[in-house]
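This is what each chain is made of:
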Amino acid sequence: MSINYQDRIPNNVDLGSNRTLQRALEHWQPEFLKWWEELGPKDFQVADVYLRTATSVDAKGWATYGYVRMPDYRWGIFLNDRDPNRRIGFGDSYGQDVWQQIPGEYRATLRRLIVTQGDTEPASVEQQRMLGHTAPSIYDLRNLFQVNVEEGRHLWAMVYLLHAYFGRDGREEAEELLERHSGDADKPRILGTFNEPIRDWLSFFMFTYFTDRDGKFQLKSLAESSFDPLARTCQFMLTEEAHHMFVGDTGINRVVKRTLEVMKELSTDDPLAIRNAGAIDLPTLQRYLNFWFSSSLDLFGSETSSNAASYFANGLKGRPDEAQYEDHIAIEQSYALELPDGQGGTKSENIPLRNAMNEVTRSSYVRDCEIGLKRWNRLIEKAGHGFRLTLPSTRFRRSIGNWGGVSTTPKGQPISAEQFGARQNEWLPSDSDRAYILSLMQGVSAPGKMAAWIAPPDRGINNNPVDYEYVKLQ
Ligand code: BYC
């Protein structure tokens, strides 16, 4: 169904045919706009931003470009088209019809999953709200705002499900999604990473590379759900999500490129000399990478999880790309884990595969993360340097799961808390690293101009040149 832009809330779910639901969502809409005004991007609300908006969910219409003032962005409800032949793809009810309504026994669990997903979307906008004034170019400024408006739309996607399928409980949850705030001492966001401040653009690129990629894998798992409206919602969200990871991937690539240029100009890899020239030395980049990768690993939950086992058994949440597996019941297999033995060493344990579903998803995520590192390392290698960016071990700096609170080196070797404390500044951004990165954050607003710490992108947006006026600052 094409998207109806005549309604106050653009949608392709025939919202007009359900007056009660439409009214409830129209009631939530001003709350959302108020939240956007208060906690969305600070300032820039009157600027014309070159944004893409979906006019349909197919390949032709999902990205239509034009100048929009952010508060006028048409946030709406877009689900992929329904496949009448879709069947449950995994778990105990494998092969049966998917659900158009929620079976009563799964109501609370599905609500919890949808709320957790929904909570991350406004959280990320809140985390990024101060970045506008320090954008390294207006190309980057536009990308920030594109990401922000789409995260706002992803909130709409979850709020629609809450309103449409969960009655009064759902409406209350939708309100609470605007009441919790990133980093709030009393009402924080649900998942840890979404309470981390993002004060600089290096962190923003790391977040969009590593944390948005968790989004990709969680959405892929939910896109397998037997609850068909959730699956179709997530399928369309994934289309938009790809750009967010592109922003992180190319952002880090451009930082590496610029650093290599400076290393060549100065014929040195001395971090201090590189900093004196206003670029970001590779060891600092590695420390930021260690921070955001390890934080994002926690978002997959515990290695052994009875929650994950029951999501799978009940068909609520599958594995990303479930079709790639042969056995969709997964009841007889086991999964080998290396766990801390509580005495400074490790032990091997085989657990039922269903209980290891968080770890299965985390492993797919780690493999996906490696792709960008290979590309960035190729640049470093081509420039003739021996330094390589690496992903730390999945045991490193974990707060959630079996490795939570266990001190290890980036290679995953268990060490004492004292040893960790003594070497922490080698492995994670120190106060002085953060102060240096913050000192680089000066906004650049002339079209085509870039801050000195980042190379220009290879190409612009939607076939426009890099020096296109992506944001018309008033
Ligand atoms: N921080 O059995 P366990 C995105 C909780 S990102 C705090 O180990 P489970 C985006 C967990 O909730 C994708 N708490 O884990 C990216 C549970 O609490 P309850 C977001 C945590 O339940 C960028 C308890 O610990 N989507 O879209 O199997 C920008 C025991 O849990 C954390 C989703 O996450 C943590 N890191 O799975 C914008 C999908 N980890 O229920 C957007 C929905 C775990 O006992 N969520 N806990 O009170 C889920 O599928 C699952 O809830 C989780 C954890 C993957 C989060």
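It should be noted that the structure appears before, not after, this text.
Residues numbered from 1 in each chain as written. Predicted model: local features only at pLDDT ≥ 70, side-chain atom pairs only at ≥ 80, totals over all residues. Heavy atoms only, no water.

### Points about the overall build of the chain
A tally of regular secondary structure across the chain gives twelve helices and five strands. Taking 474 residues into account, the globule formula puts the C-alpha radius of gyration at 23 Å, and the chain, at 23 Å, falls close to it. Considered along the principal axes of its C-alpha atoms, the chain spans approximately 65 × 60 × 40 Å. Contacts in the chain between residues at least 24 apart in sequence constitute 71% of all its contacts with a sequence separation of at least 6. Surface summary for the chain: the accessible area is close to 19900 Å², and the carbon and sulfur share equals 46%. Here the chain contributes 54 positively and 64 negatively charged side chains, and the mean placements of these two sets differ by 2 Å. (Helix = DSSP H or I, 4+ residues; strand = E, 2+ residues; numbered from the N terminus. Rg over C-alpha atoms; globule rule 2.2 N^0.38 Å. Contact = heavy atoms within 4.5 Å. Areas by Shrake-Rupley, 256 points an atom, 1.4 Å probe, with all protein chains shown as cover. Lys, Arg positive; Asp, Glu negative; His and termini not counted. Charge placed at Lys NZ, Arg CZ, Asp CG, Glu CD.)

### Some words on the sheet that holds strand 2 (residues 64-69)
If you trace the three strands from one edge of the open sheet to the other, you get 2-1-5, paired in antiparallel fashion. A strand with exactly one partner marks an edge of an open sheet, and here the two such strands are strand 2 and strand 5 (471-472). Note: strand 1 (residues 48-53) against strand 5, two bridges, orientation antiparallel. Bridge pairing in strand 5 places Val 49 opposite Val 471. Sheet strands in contact with helix 3 (residues 138-165) are strand 1, strand 2 and strand 5, and its direction is about 50 degrees off that of strand 1. (Pairing = 2+ DSSP bridges. Axes fitted to C-alpha atoms, helices over the stretch in contact; angles between N-to-C directions.)

### Looking at unusual backbone geometry
The phi dihedral of Phe 44 is positive, around 65 degrees, even though this residue is not glycine. Take Phe 44: its relative accessible area is 15%, and that puts it in the buried class. Although it is not a glycine, Ser 267 sits at a positive phi angle of roughly 50 degrees. Looking at the element boundaries, Ser 267 is found in the loop between helix 6 (228-266) and helix 7 (271-276). Looking at Ser 267, the relative accessible area reads 68%, which means it is exposed. (Buried < 20%, exposed > 50% of the residue type's maximum accessible area, 1.4 Å probe, protein only.)

### Quick notes on the environment of Tyr 335
Residue placement: Tyr 335 occurs in strand 3 (residues 334-340). Note: C-alpha distance between Tyr 335 and Ser 306 (29 residues apart in sequence) is 14 Å. Residues contacting Tyr 335, with those up to four places away along its chain left out, are Glu 349, Asn 350, Ile 351, Leu 353, Ala 356, Glu 359, Val 360 and Ser 363. Side chain to side chain, Tyr 335 and Ser 363 meet in a polar contact 3.2 Å long. (Polar contact = N/O pair within 3.5 Å; in protein donor to acceptor, adjacent residues only side chain to side chain.)

### A few points about the pattern of salt bridges
Close approach of charged atoms allows side chains with opposite charge to pair. Under the defined criterion, the tally for this structure stands at 35 salt bridges. A salt bridge links Lys 257 to Asp 458; its shortest N-O distance comes to 3.5 Å. Taken together, the positions of Lys 257 in helix 6 and Asp 458 in the loop between helix 12 (431-440) and strand 5 put the pair 201 residues apart, joining distant regions of the chain. For Lys 257, a relative accessible area of 30% translates into the label partly exposed. Looking at Asp 458, the relative accessible area reads 64%, which means it is exposed. Each of Asp 119, Glu 126, Glu 176, Arg 180 and Arg 189 takes part in salt bridges that share partners, so that together they form one network. (Salt bridge = Lys/Arg side-chain N within 4 Å of Asp/Glu carboxyl O.)

### Considering the pairing of strand 3
In this sheet, strand 4 (residues 346-352) lies alongside strand 3 in antiparallel orientation, the contact comprising seven bridges. Bridge pairing links Glu 338 to Ser 348 in strand 4. Counting the residues that bridge the hairpin from strand 3 to strand 4 gives five residues, and of these Gly 342 lies at a positive phi of roughly 80 degrees.

### Considerations on the site of the ligand
The ligand sits among 30 residues. The nearest are Gln 117, Ser 302, Ser 305, Lys 317 and Asn 358. Contact distances for the ligand include 3.1 Å between a nitrogen atom and a backbone N or O atom of Gly 192. Elements that contribute at least two residues to the shell around the ligand include exactly helix 2 (107-127), helix 5 (201-222) and helix 9 (306-313). With seven residues, helix 2 is the largest single contributor of residues to the shell around the ligand. Split into classes, the residues belonging to the shell around the ligand amount to ten nonpolar, 13 polar and seven charged. (Near = heavy atom within 4 Å. Nonpolar A, V, L, I, M, F, W, Y, C, P; charged D, E, K, R; others polar.)

### Some words on the nonpolar core
One finds Phe 210, Leu 285 and Trp 453 to be the most contacted residues of the largest nonpolar core, which totals 112 residues. Considering every element that reaches this core, the biggest residue donor is helix 3, with 15 residues. For Trp 453, the residues in contact, after removing those within four places along its chain, are Pro 136, Trp 201, Phe 205, Val 255, Arg 258, Gly 278, Ala 279, Ile 280, Leu 440 and Met 441. Membership of the second largest hydrophobic core comes to seven residues, among which are Phe 312, Ala 330, Met 357 and Val 360. (Core = buried A, V, L, I, M, F, W, Y, C linked by side-chain atoms within 4.5 Å.)

### Some points on the side chain of Ser 407
Here Ser 407 shows up in the loop between helix 10 (357-382) and helix 11 (417-427). Excluding anything up to four places from it in sequence, Ser 407 contacts Gln 413, Pro 414, Ile 415, Ser 416, Ala 417 and Phe 420.

### Digging into helix 2
An ideal rise of 1.5 Å per residue puts 30 Å on 21 residues; helix 2 measures up with 30 Å between its terminal C-alpha atoms. The element helix 2 is extensively covered by neighbouring structure, given that 16 of its 21 residues are classed as buried. (Expected span 1.5 Å × (residues − 1).)

### Quick word on the environment of Gly 251
Its location among the elements puts Gly 251 in helix 6. As for Gly 251 and Asp 169, which are separated by 82 residues in sequence, their C-alpha atoms are 40 Å apart. Setting aside chain neighbours within four positions, we find Gly 251 in contact with Phe 205, Phe 246 and Ile 454.

### Quick look at the pairing of strand 1
Counting buried residues along strand 1, five of its six residues qualify, which places the element largely inside the surrounding structure. Sheet analysis places strand 1 next to strand 2, joined by six bridges and oriented antiparallel. Across the sheet, the residue bridging to Val 49 is Val 68, located in strand 2.

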